[in-house]
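Structural overview for review
As a plain string of letters, each chain reads:
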Amino acid sequence: PIPLPPASGETQPVTPQALAAVIAARVAGSCASDESKAGNVQGVVRLGAELEWVSLSVTDKPVPCPRTDAACRYENGVTIVEELDVPEEFAVTLVLARPLADGVHWVIVTPGSAAPHRGGPFPIGIEVMRALVNDPRVQPRVDAALNRAGNDLPLPWRFSPTTSD
């Protein structure tokens with residue numbers, strides 16, 4: 001894991017690079033990517049041979065619960081969505097989401113894999129996912145030092161989007 005700098009006191013809109021830095025502070029990664037879409041700033045850190053990853057997002061799209069056939073539960077202000085009973089050729093779904101105090105945005109953490117995970121183990125543990133979704137630095141506006149840490153992240157950047165998640 002990569003250490004994050006102390007806060008500078010100046011705030012800026014969150015960037016995918018800042019989100020990747022927050023992930024990289026807790027998870028050893030091999031590369032990072034920006035997989036943002038309209039209304040969703042998303043940083044991704046890929047693990048090992050890049051077949052597994054974890055994404056961290058700040059979005060204005062709430063996480064519906066229940067969604068499809070997934071099981072939902074709430075723990076300490078965090079929505080946990082699990083879809084574990086899927087056909088063998090599909091990867092299971094695990095999402096942790098927390099609404100932010102502004103009433104508009106959500107923080108979302110999702111592990112991913114190019115291979116099915118039959119109920120686990122997931123690429124990162126649930127405790128790491130809880131720490132990421134509850135990280136107080138993850139907001140629509142973040143400290144400028146966090147954005148700079150993301151810009152200076154010592155991981156290669158992947159420029160092609162994920163196609164198997």
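Residues numbered from 1 in each chain as written. Predicted model: local features only at pLDDT ≥ 70, side-chain atom pairs only at ≥ 80, totals over all residues. Heavy atoms only, no water.

**As for the sheet that holds strand β4 (residues 52-59)**
Strand pairing in a sheet relies on backbone hydrogen bonds, with the paired strands running either antiparallel or parallel. Operational definition: Paired strands are those between which DSSP finds at least two bridges. Strands here mean DSSP runs of E at least two residues long; helices mean DSSP runs of H or I at least four residues long; both are numbered from the N terminus. Note on contacts: a residue pair qualifies if any of its non-hydrogen atoms lie within 4.5 Å across the two residues. With axes taken as lines fitted to C-alpha atoms, and helix axes fitted only over the stretch in contact, angles between N-to-C directions fall between 0 and 180 degrees.
With mixed pairing, the eight strands of this open sheet are ordered in space as β5-β6-β7-β8-β4-β3-β2-β10. Each edge of the open sheet carries a strand with a single partner, namely β5 (71-75) and β10 (157-158). In this sheet, β4 lies alongside strand β3 (residues 40-47) in antiparallel orientation, the contact comprising eight bridges. Bridging from a neighbouring strand, Val41 pairs with Val58 of β4. Those strands touched by helix α1 (residues 16-24) are β2 (31-34), β3, β4 and β10, and its axis lies near 40° from that of β3.

**What about the side chain of Gln42?**
Within the fold, Gln42 resides in strand β3. Other than its neighbours up to four places away in sequence, Gln42 contacts Pro16, Leu19, Ser33, Asp34, Glu35, Ser36, Ser55, Leu56 and Ser57.

**Things to note about the environment of Pro111**
Filter applied, for reference: Working definition: with a 1.4 Å probe on protein chains only, accessible area under 20% of the residue-type maximum means buried, over 50% means exposed, and in between means partly exposed.
Take Pro111: it is sitting in strand β8 (residues 106-113). In this structure Pro111 comes out as buried when scored by relative accessible area, which is 10%. Taking the C-alpha atoms as reference points, Pro111 and Leu56, 55 residues apart in sequence, are found 9.0 Å from one another.

**Considering helix α3 (residues 144-151)**
Applicable threshold: We define a polar contact as two N or O atoms separated by no more than 3.5 Å, with the added condition that, inside protein, one atom must be a possible hydrogen donor and the other a possible acceptor, whereas residues neighbouring each other in sequence contribute only through side-chain atom pairs.
Within α3, six of the eight residues are buried, leaving the element largely enclosed by the surrounding structure. Within α3, burial applies to Ala144, Ala145, Leu146, Asn147, Ala149 and Gly150. With a side-chain oxygen lying 2.9 Å from the backbone nitrogen of Ala145, the N-terminal cap of α3 falls on Asp143.

**A look at the pattern of salt bridges**
The cut-off we apply is this: One speaks of a salt bridge when a side-chain nitrogen belonging to Lys or Arg is within 4 Å of a carboxyl oxygen belonging to Asp or Glu.
For the structure on display, the rule yields eight salt bridges. The salt bridge partner of Arg130 is Glu75, with a shortest N-O separation of 2.6 Å. Highlighted residues: Arg130 in helix α2 (residues 126-133) and Glu75 in strand β5, separated in sequence by 55 residues. Overall, Arg130 belongs to the partly exposed group, its relative accessible area being 21%. Each of Arg73, Glu75, Glu82, Glu127 and Arg130 takes part in one network of salt bridges that share partners.

**Section: the pairing of β8**
For β8, the buried fraction is high: seven of the eight residues fall into the buried class. Sheet topology places β4 next to β8; eight bridges connect them, and they run antiparallel. Residue pairing across strands places Thr59 opposite Trp106, the latter belonging to β8. Pairing analysis gives four bridges linking strand β7 (residues 93-99) to β8, with the strands arranged antiparallel. Note that in β8 the partner of Leu96 across the bridge is Val109. From the end of β7 to the start of β8, which pair antiparallel, there are six residues, and Gly103 there has a positive phi angle of about 75°.

As far as function goes, none of this settles anything; it's purely spatial.
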